[in-house]
Amino acid sequence: MAQKHTISALVENHFGVLCRVAGLFSSRGFNIDSLSVGETEDPSISRMTIVVGGDDSVLEQVVKQLDRVIDVIRVIDITQGAFVERELMLIKVKADTTTRAEIIQIAEVFRAHIVDVCPRSMTIEVTGKNDKIQAIIGMLSSFGIEEIARTGTVALLRDSAVQ
Amino acid sequence: MEMTGAEIICESLLREGVDTIFGLPGGAVLPFYGALSGYPKLRHILVRHEQAAAMAADGYARATGKVGVCSATSGPGATNLVTGLMAAQMDSVPIVCITGQVPRAAIGRDAFQETDITGITLPVTKHNYLVMDVRDIAPAIKEAFYIARTGRPGPVLIDVPKDVLAGEKIEFEWPAEVDLPGYNPPGEPDARQVRVAAHLINQAERPVILAGHGVLISRAWDELRELAEKAQIPVITTLLGIGAMSTEHVLNMGMPGMHGMAYASLAIDRSDLVIALGARFDDRVTGRLSDFAPGAKIIHVDVDATEFNKNIVADAPVLGDLKDSLRALIPMVQPNVHLDWIKETDTLRAEHPSLFIRKSDVLLPQQVMKQISDETNGEAIIVTGVGQHQMWAAQHYGYKEPNSLITSGGSGAMGFEVPAALGAKVGRPEKTVWSIAGDGGFQMTLCDLATAVENKIDVKYAILNNGSLGMVRQWQDFFYDKDFFATIYSGNPDFVKLAEAYGIRGIRVTKQEDVAGAIQEAMETPGPVVVDFVVKEDEFVYPMIPAGESVHEMLEEPEAESIIS
């Protein structure tokens, strides 16, 4: 399985930046697993968190090509450092009177929240690292997954590891 | 004084030292043209196709070192610039393009002549702008020029909606500074990187310098010569690096790669150190990467960090402006002689006469190029298109000065020669400028002969006319079983009559003995002249290293053997 790297980029919140970055990735053939972007404490600056697949030489190009984009202020490969990584998923799973209790138990184990319920299905909200998300998908798949919506990973370096 | 957006653009261009704009107006950009007509210091040269505007700005920039400027209208006017933008992007040429856009309220509604040009040009510009407020115009222009000309130069496009050009008026304020937190072009190199590089140079026994476009961009040709002479290192120039060192200099070993001189590629193959200066190890230079310079360590000096380890792993990367980097490096390099190595390279030159032109009854294109070189004493500016003629122009002209070969290398855009030559001549009116075309490329952009006539731009146009799409035909001959499908041009016009239709002197040459006279006549005739050299149809460019191969699979001119003693 190819290596995955998590890259955090601070970008100027200008019209077209997301497009330019996405276009850069596709034109250079980089493999995006997920891309999440949102404002930071400074509304003129957004943070993009990108999970990229590829070996070290690919990663080196990804970081440098991103950095070269005029609106990209700073690029950090946080896979190397200690970092906090989270993703939010909404998952709609088939549930009826025979299966509902077990599904609720599974949700409790994963500290997930039930956010919607109806006679035939249940929607669960779960946050966590990538492996936790994968694990709950695995546990729920036998019940029949109807829909999934994921935000993609966001991440920040741990200051505690530096200090 | 309050000004419209269009007037602010004009004022801003003046502040950036612009004196020439190549362009073609249209509806969305008309307010800019309305303002422009009141600014006589901004000379506007009206072209016949927007592609010519972009390529003329490119030729102007390469010839002068200044930022070239072009303008077009929205929609198809803007999209016609794209090939020219790509050419500038691939060869790191600074140009700024101003395009009109439909009014803001119409954007996104499929308006007449509307297109998302900023979206379309994302991959072919260093940066671009869609200016939605008249207050953002001056800062955008100041930033655009700064971005275009600094670091690794490149094209910048500024798209301005019509109602921003001709709407609200404001006071013109020229910003004191640019604010680009994400852009920090390198200057001085890191001292440690320089030390590592110097150490490698001092240890090397068979070094070569690979000089690329960066030497010309950074105006570092004196430093190049100083380094080469101090340590007696042969200098090999890429296509875009030609002119960085005079072809007459004893250390100049010519051009490497797919159609480079055999001795240059062989020297790299046998070297133990390649000092790449402002070159990017393009596939036309390297051939199969795993067989490129197998015994050599690599020093890579470049202003763009993305080039390090992109194609070739650098043992000693040096990030910085090339001129600054060489100035830091030269004092740390010991004077050296490499006598055995120099002798070996001399033997390579003797054993591989790559510039040999054989005798022929039919006029050979190589002969034409050599004659143009002789008649201009190697001092003209040569602007080429793309194809076989381009390679012969790179090989057989004796370039003496920097920025004397202007050619579309990375992009390989046919038809580059006619408009780029216009730009070069406008930028350097004191030089003789020859546009060298194939009959294929010439037909793509010949409409701008009218621009030369209208503006009295004295370019001499040579067509190496073999009635075919020559380079493609050569590939079909070598690699596709001589299936000359779609490469024979049997419907070519009479180029002399075509020239005369534009009011230009046209000369046809079919015999070797008439070549010199035709060239002289062209240069003595005031104004643009077209010379149609009817050359041998199925001539091949040699040497050739087929795509994806290495120097070991190089094909050389068969008859060259006969002159090796």
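Residues numbered from 1 in each chain as written. Chains lettered and ligands numbered in written order. Predicted model: local features only at pLDDT ≥ 70, side-chain atom pairs only at ≥ 80, totals over all residues. Heavy atoms only, no water.

Labelled according to an unreviewed UniProt entry, chain B appears under the name Acetolactate synthase, originating from Geodia barretti. The annotation that UniProt attaches to chain B under Sequence similarities (unreviewed entry) is "Belongs to the TPP enzyme family." (UniProt positions renumbered as here; feature names shortened; annotations may be inferred.)

Per an unreviewed UniProt entry, the recorded name for chain A is Acetolactate synthase small subunit, and the organism is Geodia barretti. Checking UniProt for chain A, the heading Sequence similarities (unreviewed entry) contains the comment "Belongs to the acetolactate synthase small subunit family." Looking at the Function (unreviewed entry) heading of the UniProt record, one finds this comment for chain A: "Catalyzes the conversion of 2 pyruvate molecules into acetolactate in the first common step of the biosynthetic pathway of the branched-amino acids such as leucine, isoleucine, and valine."

Novice: An account of the interface of chain A and chain B is requested, with residue identities and associated values reported.
Specialist: Each partner contributes to the interface: chain A provides 15 residues, whereas chain B provides 19 residues. When the two sides are added together, the surface that chain A and chain B hide from each other amounts to roughly 1,400 Å², 55% of it contributed by carbon and sulfur. Applying the counting criterion to the chain A and chain B interface returns one salt bridge. Among the ionic pairs, B:Asp304 bridges to A:Arg68, the shortest N-O distance being 2.4 Å. At the boundary of chain A with chain B, the tally comes to eight residue pairs in polar contact (both at pLDDT 80 or more). Among the secondary structure elements, those contributing two or more residues to the side of chain A that touches chain B are α1 (17–28), α2 (56–68) and β4 (72–77) of chain A. Ranked by the residues each element gives to the side of chain A that touches chain B, the list is headed by α2(A), at six residues. Taken together, the residues of the side of chain A that touches chain B break down into six nonpolar, two polar and seven charged. (Contact = heavy atoms within 4.5 Å. Buried area = accessible area lost by both parts, 1.4 Å probe. Salt bridge = Lys/Arg side-chain N within 4 Å of Asp/Glu carboxyl O. Polar contact = N/O pair within 3.5 Å; in protein donor to acceptor, adjacent residues only side chain to side chain. Helix = DSSP H or I, 4+ residues; strand = E, 2+ residues; numbered from the N terminus. Nonpolar A, V, L, I, M, F, W, Y, C, P; charged D, E, K, R; others polar.)

Novice: Outline the packing of aromatic side chains, listing residues and values.
Specialist: Residues and elements named next belong to chain B. Applying the stated criterion to the full structure yields 13 aromatic pairs over all chains. Considering the side-chain rings of Phe281 and Phe292, the 5.9 Å spacing of their centres and the 75 degrees angle between planes classify their relative orientation as edge-to-face. Note that Phe281 is positioned in the loop between β11 (273–277) and α13 (283–286) and Phe292 in the loop between α13 and β12 (297–302), a separation of 11 residues in sequence. This pair shows no difference in class: Phe281 is buried, exactly as Phe292 is. A connected cluster of aromatic rings, assembled from ring pairs, spans Trp475, Phe478, Phe479, Phe540 and Tyr542. The ring of Phe484 has Arg473 lying over it, and the distance from NZ or CZ to the ring centre is 4.1 Å. (Phe/Tyr/Trp six-rings, centres within 6.5 Å; stacked < 30°, edge-to-face > 60°. Buried < 20%, exposed > 50% of the residue type's maximum accessible area, 1.4 Å probe, protein only. Lys NZ or Arg CZ within 6 Å of the ring centre and 35° of its normal.)

Novice: Describe the sheet that holds strand β13 (residues 316–319) of chain B, with residues and values.
Specialist: Residues and elements named next belong to chain B. Pairing within the open sheet is parallel, and its five strands lie in the order β10-β9-β11-β12-β13. Because the sheet does not close on itself, it has two edges, and the strands there are β10 (235–237) and β13. For this sheet, the mean inter-axis angle between neighbouring strands, taken without regard to orientation, is 15 degrees. With three bridges joining them, strand β9 (residues 207–211) and β10 adopt parallel strand pairing. Among the inter-strand pairings, Ile209 is bridged to a residue of β10, identified as Val235. This element, helix α9 (residues 191–203), spans β11, β12 and β13 of the sheet and lies at about 135 degrees to β13. (Pairing = 2+ DSSP bridges. Axes fitted to C-alpha atoms, helices over the stretch in contact; angles between N-to-C directions.)

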